Amino acid sequence: MKTYLEKLINREDLTLEEMKNATEYCLSEAATDSEIAAMLTALQGKGETAEEVAGIVDVIRSRSTFNTTPIPDAIDNCGTGGDKSYSFNVSTTSAFVLAGAGITVAKHGNRSITSKSGSADVLEELGVSLSLSKDHVEELLHENNIAFLFAPNVHAALKPFTKVRKELGIRTVFNVIGPLTNPVELDSQLLGVYSRDLLQMLAESLKKLGRRRAVVITGAGNVDEATLSGENHLIVLNEGKLTEVTLTPEKVGLPTYTKEDIRGGDAKQNAEILLSVLKGEKGAYYDTVLLNAGLGIFTNGKAETIQKGIDLARESIESGAALKRLQRLVEYSKKIPSGVY
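Residues numbered from 1 in each chain as written. Predicted model: local features only at pLDDT ≥ 70, side-chain atom pairs only at ≥ 80, totals over all residues. Heavy atoms only, no water.

K.L.:
I'd like a rundown of the overall build of the chain, residues and numbers included.
P.N.:
Looking only at helices and strands, the chain has 15 helices and seven strands in total. For 341 residues, the compact-globule formula gives about 20 Å, and the C-alpha radius of gyration of the chain, at 19 Å, lands near that figure. Across its three principal directions, the C-alpha atoms of the chain cover 60 × 50 × 35 Å. With 341 residues in all, the chain has 59% of them scored as buried. In the chain, of all internal contacts separated by at least 6 residues, the share reaching a separation of at least 24 is 74%. (Helix = DSSP H or I, 4+ residues; strand = E, 2+ residues; numbered from the N terminus. Rg over C-alpha atoms; globule rule 2.2 N^0.38 Å. Buried < 20%, exposed > 50% of the residue type's maximum accessible area, 1.4 Å probe, protein only. Contact = heavy atoms within 4.5 Å.)

Given below as structure tokens:
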């Protein structure tokens, strides 16, 4: 470990294998809190590379007890958070639209960190269980097109890192790798991030992690999802090739809104917003979900263009298919404590 720390302090990059070894050590009983803190701090100070991120993620995913059997064409649309925009739960709402469009969504997420309501908070408010087992997740992915993987449940082995991160109180690599650690074998991924500076690195990381297709996006105003308030900057990964794209509301025929127009609230308020969108209530929330769900459908490859993805997203909502996916998830959750499942 000392060798790895010295390299990082000297601003030298670790190889993927070195990063895997360092991460494995940090998760072992031999590691001290000081060593873990030193690695996270040195890595942050130097700036993480795609190889280093892929190395950490590989180890985290291998330690999860939720590694599922291969599920064809599965996608996740989780963002990194950290943008402090206090918007409603855009990606969580969009996930049901994707599922309603016939796409399998392994929705990975956590409770709120920088917002008033994280994906876990709003889903719990709606009646979705956060205690789904691996078997529950697999069953739901096959029969309902969507399941929620609550990060603390699927990454119980990360306690050494969690403790140190809390004590440090600074941004570390863990502030951006959460979405990449989904234990389900994903074919594609829509990843939102709060800074354009991280787009290329995260796109390269997804490539190294084997994603067939992916879109990494920073929305206008440094938001970790697509917005209708200006220019969205994307990097599209398709079969190993990376392409930069700029997307504006005008390009896809959607109105312009301010960031304030899509502000959310606590879990109860955001649950109400989510339901209003899935029930087809028009406005800023609805159009923002159309954009993000359309991007997700495009990312998955079901639509050849973002515009066609938006059309399929609208159909998913207006047909009631998106709402049915949520209703089934809630229904399933209610039966878990009774032992039916």
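K.L.:
Account for unusual backbone geometry, naming residues and giving values.
P.N.:
Within the chain, aspartate 73 stands out as a residue other than glycine whose phi angle is a positive 60°. If you trace the backbone, aspartate 73 turns up in the loop between helix 4 (50-63) and strand 1 (75-76). Phi at glutamate 239 takes a positive value of approximately 50°, unusual for a residue other than glycine. Mapping glutamate 239 onto the fold places it in the loop between strand 6 (232-238) and strand 7 (241-247). Looking at glutamate 239, the relative accessible area reads 57%, which means it is exposed.

K.L.:
Break down the packing of helix 2 (residues 16-26) against helix 4 for me, citing the residues and quoting the values.
P.N.:
Helix packing geometry: the angle between the two helix axes and the distance between the axes. Axis separation between helix 2 and helix 4 bottoms out at 8 Å; the angle between their running directions is 45°. By the angle class used here, helix 2 and helix 4 are oblique. Relative to helix 4, the crossing made by helix 2 is right-handed. Contacts from Leu16, Met19, Lys20, Thr23 and Glu24 of helix 2 reach helix 4 at Glu51, Glu52, Ala54, Gly55, Ile56, Asp58, Val59 and Arg63. Looking at the contact of helix 2 with helix 4 residue by residue, the class counts come to five nonpolar, two polar and six charged. (Axes fitted to C-alpha atoms, helices over the stretch in contact; angles between N-to-C directions. Parallel < 35°, antiparallel > 145°, perpendicular 65-115°, else oblique. Left-handed = near helix turned anticlockwise from the far one by under 90°. Nonpolar A, V, L, I, M, F, W, Y, C, P; charged D, E, K, R; others polar.)

K.L.:
How would you summarise the environment of arginine 111 if you had to cite specific residues and measurements?
P.N.:
Turning to its location among the elements, arginine 111 is positioned in the loop between strand 2 (105-109) and helix 6 (119-126). Owing to a relative accessible area of 35%, arginine 111 belongs among the partly exposed residues under this scheme. As a C-alpha pair, arginine 111 and arginine 171 span 60 residues in sequence and 17 Å in three-dimensional space. Filtering out sequence-adjacent residues up to four positions away, arginine 111 remains in contact with Gly118, Ala120, Asp121, Glu124, Leu130 and Phe150. A polar contact of 3.0 Å, which involves the side chain of arginine 111, links it to the side chain of glutamate 124. (Polar contact = N/O pair within 3.5 Å; in protein donor to acceptor, adjacent residues only side chain to side chain.)

K.L.:
An account of the packing of aromatic side chains is requested, with residue identities and associated values reported.
P.N.:
Tallied over the entire structure, the rule returns three aromatic pairs. Taking 4.8 Å as the distance between ring centres and 45° as the angle between the ring planes, the aromatic pair formed by phenylalanine 161 and phenylalanine 174 counts as tilted. You can see phenylalanine 161 sitting in helix 9 (residues 159-168) and its partner phenylalanine 174 sitting in helix 10 (residues 174-177), a full 13 residues away along the chain. Phenylalanine 174 sits in the buried class, given a relative accessible area of 11%. Taking NZ or CZ as reference, arginine 213 lies 5.0 Å from the ring centre of phenylalanine 298, over its face. One residue, lysine 282, lies across the ring of tyrosine 286, its end atom 4.8 Å from the ring centre. (Phe/Tyr/Trp six-rings, centres within 6.5 Å; stacked < 30°, edge-to-face > 60°. Lys NZ or Arg CZ within 6 Å of the ring centre and 35° of its normal.)

K.L.:
Break down the pairing of strand 5 (residues 213-218) for me, with residues and values.
P.N.:
With six of six residues buried, strand 5 lies mostly within the body of the structure. The alternating pattern of strand 5 places Arg213, Val215 and Ile217 and Ala214, Val216 and Thr218 on opposite faces, both of which are buried. Bridge count between strand 4 (residues 188-192) and strand 5: five bridges; the pairing is parallel. What sits directly across from glutamine 189, in strand 5, is alanine 214. In terms of handedness, the path from strand 4 via helix 11 (residues 199-208) over to strand 5 forms a crossover that is right-handed. (Pairing = 2+ DSSP bridges. Right-handed = clockwise from strand over helix to strand, strands pointing away.)

K.L.:
Could you give an account of the nonpolar core, naming the residues involved and the relevant values?
P.N.:
Grouped together as the largest cluster of nonpolar side chains are 71 residues, with contacts concentrated most on Val97, Val184, Leu278, Leu291, Leu295, Ile306 and Leu326. Isoleucine 306 has contacts with Leu234, Leu247, Val252, Gly294, Leu295 and Phe298, leaving out every residue within four places of it along the chain. If you look at the next biggest cluster of nonpolar residues, it comprises 45 residues, including Met39, Val53, Leu202 and Ile235. (Core = buried A, V, L, I, M, F, W, Y, C linked by side-chain atoms within 4.5 Å.)

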